[in-house]
Amino acid sequence: MPNADEMLAIAASRRDQLAAPGLEPRPRRNVAVLACMDTRIDLFPMLGLERGDAHIIRNAGGLATDDAIRSLSVSQRLLGTQEIVVVMHDDCGLHQASEDAFATALAADGVLPTWRLGAFDDVEATLGHSLARLRSSPELPVRDRVRGFVFDPETGALREVDPAAE
Ligand SMILES: [Zn+2]
């Protein structure tokens, strides 16, 4: 457990700054962010967020998977968010990964998952598909405020992708 013990100790030493007495669980800015789990994406400074402002949902790729939609549905229906921002990035681990090789490796371990890896060749097209899926998901009562950004970890630039503009 090279990390877990250290993490527990750090949390104990920072208890006062971690406590959030009186902070509401409903996101103050009524927004949910769906982003890739990539280590280089630091969403709070990137998007100007503070604790309590937003729901943060992360997965491999920042893809609008069934489970991401489950979380976004909870975010909107139970906790009042009304806007979705999706953040993907250049140099993603899923970019040009092999869907077939991954499935073969899982099958070799006796697993036939119901989900796909989500490998992609074109980050902007993939983000466009996610935005289109979110905008057409009845699980989400508010679907007209869905925006998508791509982060470049080399330069720090964040650019918008809008399939409606293509
Ligand atoms: Zn990624």
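As shown above, the structure is provided for reference.
Remember, predicted model here, so these are calculated numbers, not experimental data. (Residues numbered from 1 in each chain as written. Predicted model: local features only at pLDDT ≥ 70, side-chain atom pairs only at ≥ 80, totals over all residues. Heavy atoms only, no water.)

Comments concerning helix 4 (residues 66-77)
Link 1 in the chain: Between the first and last C-alpha of helix 4 there are 16 Å, a value that for twelve residues agrees with the 16 Å anticipated at 1.5 Å per step.
Link 2 in the chain: In this structure, the buried side of helix 4 is in contact with strand 1 (31-36), strand 2 (54-59), strand 3 (83-89) and helix 6 (123-135). (Helix = DSSP H or I, 4+ residues; strand = E, 2+ residues; numbered from the N terminus. Expected span 1.5 Å × (residues − 1). Contact = heavy atoms within 4.5 Å.)

Comments concerning the nonpolar core
Link 1 in the chain: Counting 35 residues, the largest nonpolar core has Val33, Leu72, Ile84, Val86, Val87, Leu127 and Leu134 as its most contacted members.
Link 2 in the chain: Of all the secondary structure elements, the ones that give two or more residues to this core are strand 1, strand 2, helix 4, strand 3, helix 6 and strand 4 (146-151).
Link 3 in the chain: Of the residues forming this core, the biggest block, six residues, is contributed by strand 1.
Link 4 in the chain: What valine 33 contacts, discounting residues up to four positions off in sequence, is Leu43, Leu47, Leu49, His55, Ile56, Ile57, Val85 and Val87. (Core = buried A, V, L, I, M, F, W, Y, C linked by side-chain atoms within 4.5 Å. Buried < 20%, exposed > 50% of the residue type's maximum accessible area, 1.4 Å probe, protein only.)

A few points about the packing of aromatic side chains
Link 1 in the chain: Under the counting rule described, the total for this entry stands at one aromatic pair.
Link 2 in the chain: Both rings, one in phenylalanine 102 and one in tryptophan 115, keep their centres 6.4 Å apart while their planes meet at 55 degrees; by these two values the pair is tilted. Residue phenylalanine 102 is located in helix 5 (residues 99-108), and its partner tryptophan 115 is located in the loop between helix 5 and helix 6; the two are separated by 13 residues in the primary sequence.
Link 3 in the chain: The exposure class assigned to tryptophan 115 is partly exposed, which follows from its relative accessible area of 48%. (Phe/Tyr/Trp six-rings, centres within 6.5 Å; stacked < 30°, edge-to-face > 60°.)

Quick look at the coordination of the zinc ion
Link 1 in the chain: Only Cys36 (SG), His89 (NE2) and Cys92 (SG) from the protein reach the zinc ion as donors, at distances of 2.0 to 2.3 Å.
Link 2 in the chain: Donor residues binding the zinc ion come from one chain and are separated in sequence as C-x52-H-x2-C. Pair noted here: cysteine 36 is in strand 1 and cysteine 92 is in the loop between strand 3 and helix 5, with a separation of 56 residues, a long-range link. Grouping residues by exposure puts cysteine 36 and cysteine 92 together as buried. (Donors = N, O, S within 2.8 Å, 3.2 Å for Na, K, Ca; no water.)

Considering the side chain of aspartate 38
Link 1 in the chain: On the secondary structure map, aspartate 38 appears in the loop between strand 1 and helix 3 (43-47).
Link 2 in the chain: Setting aside residues up to four positions removed in sequence, aspartate 38 forms contacts with Arg58 and His89.

A closer look at the environment of glutamine 76
Link 1 in the chain: Topologically, glutamine 76 is positioned in helix 4.
Link 2 in the chain: A sequence separation of 73 residues divides glutamine 76 from phenylalanine 149, and the C-alpha atoms of the two residues are 20 Å apart.
Link 3 in the chain: The residues contacting glutamine 76, other than those within four sequence positions of it, are Thr81, Ile84, Leu140, Pro141 and Val142.

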